[in-house]
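Chain by chain, the residues run as shown.
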There are 2 protein chains.
Amino acid sequence: MCKDLNITKPTLIIDKSKCLYNIKNMVSKAKRHQLQFRPHFKTHQSLEIGQWFKDYGVEKIAVSSLTMADYFSKEWNDITVAFPTNILEIETINSLASKITLNLTVENSESVLYLKKHLTHKVNIFIQIDVGYGRTGIAPYNIDDVNFLLEELDNSPLMKFVGFLSHSGHTYKCDSEECIKDTHSRSLKVINQLKSNYHSRYPNMIVSLGDTPSCSVSEDFSGINEIRPGNFVFYDLMQYQIGSNTIKDIAVAVACPIVAKHKNRSEVVIYGGGVHFSKDRLIENGITIYGKVVEKTKNGWSKILANTFVKSLSQEHGIIKVPIQDFDSYRIGDYVLILPVHSCMTVDLMKNYLTTEGQQISTLI
Amino acid sequence: MCKDLNITKPTLIIDKSKCLYNIKNMVSKAKRHQLQFRPHFKTHQSLEIGQWFKDYGVEKIAVSSLTMADYFSKEWNDITVAFPTNILEIETINSLASKITLNLTVENSESVLYLKKHLTHKVNIFIQIDVGYGRTGIAPYNIDDVNFLLEELDNSPLMKFVGFLSHSGHTYKCDSEECIKDTHSRSLKVINQLKSNYHSRYPNMIVSLGDTPSCSVSEDFSGINEIRPGNFVFYDLMQYQIGSNTIKDIAVAVACPIVAKHKNRSEVVIYGGGVHFSKDRLIENGITIYGKVVEKTKNGWSKILANTFVKSLSQEHGIIKVPIQDFDSYRIGDYVLILPVHSCMTVDLMKNYLTTEGQQISTLI
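Criteria and cut-off values
Residues numbered from 1 in each chain as written. Chains lettered and ligands numbered in written order. Predicted model: local features only at pLDDT ≥ 70, side-chain atom pairs only at ≥ 80, totals over all residues. Heavy atoms only, no water. Core = buried A, V, L, I, M, F, W, Y, C linked by side-chain atoms within 4.5 Å. Buried < 20%, exposed > 50% of the residue type's maximum accessible area, 1.4 Å probe, protein only. Helix = DSSP H or I, 4+ residues; strand = E, 2+ residues; numbered from the N terminus. Phe/Tyr/Trp six-rings, centres within 6.5 Å; stacked < 30°, edge-to-face > 60°. Lys NZ or Arg CZ within 6 Å of the ring centre and 35° of its normal. Contact = heavy atoms within 4.5 Å. Buried area = accessible area lost by both parts, 1.4 Å probe. Salt bridge = Lys/Arg side-chain N within 4 Å of Asp/Glu carboxyl O. Polar contact = N/O pair within 3.5 Å; in protein donor to acceptor, adjacent residues only side chain to side chain. Nonpolar A, V, L, I, M, F, W, Y, C, P; charged D, E, K, R; others polar.

A. Seen up close, the nonpolar core. Judged by nonpolar contacts, the single largest core of 120 residues is most densely connected at Phe53, Ile127, Phe164 and Phe234 of chain B. With six residues, strand E10 (residues 252-262) of chain B is the largest single contributor of residues to this core. If you look at the next biggest cluster of nonpolar residues, it comprises 119 residues, including Val27, Leu35, Met159 and Val233 of chain A.

B. Structural context of the packing of aromatic side chains. All names here are of chain A. Tallied over the entire structure, the rule returns 22 aromatic pairs over all chains. Pairing Phe41 with Phe53 gives two aromatic rings, centres 4.9 Å apart and planes at 50°, and the pair type is tilted. Note that Phe41 is positioned in the loop between strand E2 (36-37) and helix H2 (47-54) and Phe53 in helix H2, a separation of 12 residues in sequence. The two residues Phe41 and Phe53 agree in class, both being buried. Pairwise contacts between aromatic rings join Phe37, Phe41, Phe53, Tyr71, Phe72, Trp76 and Phe232 into one cluster. If you follow Lys54 out to its NZ or CZ, it ends over the ring of Trp76, 4.7 Å from the centre.

C. Broad picture of the interface of chain A and chain B. Contact residues are listed per partner, giving 56 residues for chain A and 56 residues for chain B. Note on chain A versus chain B: buried area summed over both sides is about 4400 Å², and carbon and sulfur give 56% of it. It is Leu88, Arg135 and Gln315 of chain A in chain A that bury the most area against chain B; as a group they hold 15% of the surface buried on that side. Connecting chain A to chain B are six salt bridges. In this structure, Arg265 of chain B engages Asp130 of chain A in a salt bridge whose closest nitrogen and oxygen atoms are separated by 3.9 Å. Taken together, chain A and chain B are joined by 22 residue pairs in polar contact (both at pLDDT 80 or more). For the side of chain A that touches chain B, the leading source of residues is strand E10 (residues 252-262) of chain A, giving five residues. In terms of residue class, the side of chain A that touches chain B is built from 20 nonpolar, 20 polar and 16 charged.

D. How the structure looks around the pattern of salt bridges. Across all of its chains, the model carries 42 salt bridges over all chains by this definition. A salt bridge links Lys248 of chain A to Asp249 of chain A, with the shortest nitrogen-to-oxygen separation between them at 3.3 Å. Under the relative-accessibility criterion, Asp249 of chain A is labelled buried at 10%. Its salt-bridge partner being Glu226 of chain B, residue Arg38 of chain B comes within 2.9 Å of it at the nearest N-O pair. Of the two residues, Arg38 of chain B sits in the loop between strand E2 (36-37) and helix H2 (47-54) while Glu226 of chain B sits in strand E9 (residues 226-227), which places them 188 residues apart along the sequence.

Such coordinate-based values are descriptive only and should not be taken to indicate function.
Written out as structure tokens, the structure is:
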């Protein structure tokens, strides 16, 4: 692989077979539970990879910005912006609403009243509910706030209430399947309680929920109509630590040239830093880890090399701690393959990437 | 300013007057100490801002990758790549060496022997010395390693040894001017000791040293011929915490739309996350801080708003903690200005930016 791909600088490598496996699994799970599958495309940000989802019958997607919605609108005509509506981008909203089914997320009256006044085309509206993450969304007990928004929406010719949208981001604090399942079921309880208050009034209402940890390990989606996982397409070390995936499910790695070696510290210096990986990190047994080195194989990579990890990152430098007995196997002018801590951030930084077969994949830039 | 700049999404704002002030100060300091000033351009990564340096007579620069060297070679003909030579990019090295004065950094025999074999044009070579940071460079007591490289260089028709290059990155661990000065003087001692061994053999040898903290606060550059600070052009909250600059010296801020508000938590949610700021953070009195909010003024910004800071970042979301008495002054559809923790990383993520006068500045993409 090393020679075939002609790596000369930090390069994001994707194992297409692992990626397709992850997509296929989630598609099957959604089918099994009669769930609308609306994958979140903020992780891969690529039209080509979007096509791999289309091959499995996926027709609707979620994104986290209007910029992404605009990029994907070239090939997708049903897009949810799972982010509180940024009314400063009303021109983009109207332009998108004029050509695709645009589903916006709202959680405050200011945005709804602004949209009511400035929309020129029809949009669908999800009301965002905070199921416990504490980042965005209306607290489920604030029925008055929910009702105020519903009233405004029902009286607006261009906005149609389609359902409640939530994100159980607090599953990211977990470190086991059990924790993920417990958190997810608490979210289900909250959102279903709210749903029960409105079901008769909005029988076709959609409840959209589903982060990567919950969708990866849970088998209970009662009351849910739609899931929106994103990271699962690649997974990463953080998701592994949370309990969402195995190491072999991780579909991306960063190829980084070896530029220096320091035997006295048993450290290898790579061309690959914060501008390639981001500064996301894991703590394992008190040790801070910015990435882990995997064994290169003919067709990609295999297992994680024991006690071999990125211990620090500066702008372009990465420092890898390696066991002293392996030190001499690292050669200046060769490269290492590193599993990222957070694939969403790494992909966003690396932009375009390369499959293990050498296919160039372009992304939103 | 708010209306003039027509902010619709996260936008990097540069206060040109502060930036010019920072450049002018460092140019004067270098002159005052008879130092060659070779600013590091990894921070701004912009040809236009490079022109501002040219206006102050700067003719030589440093960068941290061959990609940056290639970008700046359009307008600069003396560039040092202050990063251990990545021999996998030999084609770029030869192409650059054919058109500009290219100064490479080496710290191991493998790279030197490879260059000796594959160079097609002349390059200048700095030997990198570790003055205590412990990231890259030959330990100053490894005289044998230094001598081996010097012998190879002296016997190579295309490589010319021009001096020793070091980076006192350990000043970044400081939190006061005194600490920075102490660290810097220890580096001076180490590098000058080494220099004394080779001065008679290489009378024109250059000693290149100088990180932003040392160059900002120290007045002792004895034995040094060249300084390479980079971050000083913008500064940031991290440099302020280290002791390099005052808050009013910080020349960049990120404008972020306000998309949600949660009074019960006294938190404001912005469109502005890890993909805009990076995940660099500060710890202040035990509190983790990803950025601080400044007061907007007609021409830019003034003071930091007390007890108002970015407490967390996800991919596109930022959560700002605000004093409850200020809460109502934050309005959906307005935007806030945030000083970044680490301007180098933020600029790299944001790419193009805007001056407070509305001038578009392009960068390496």
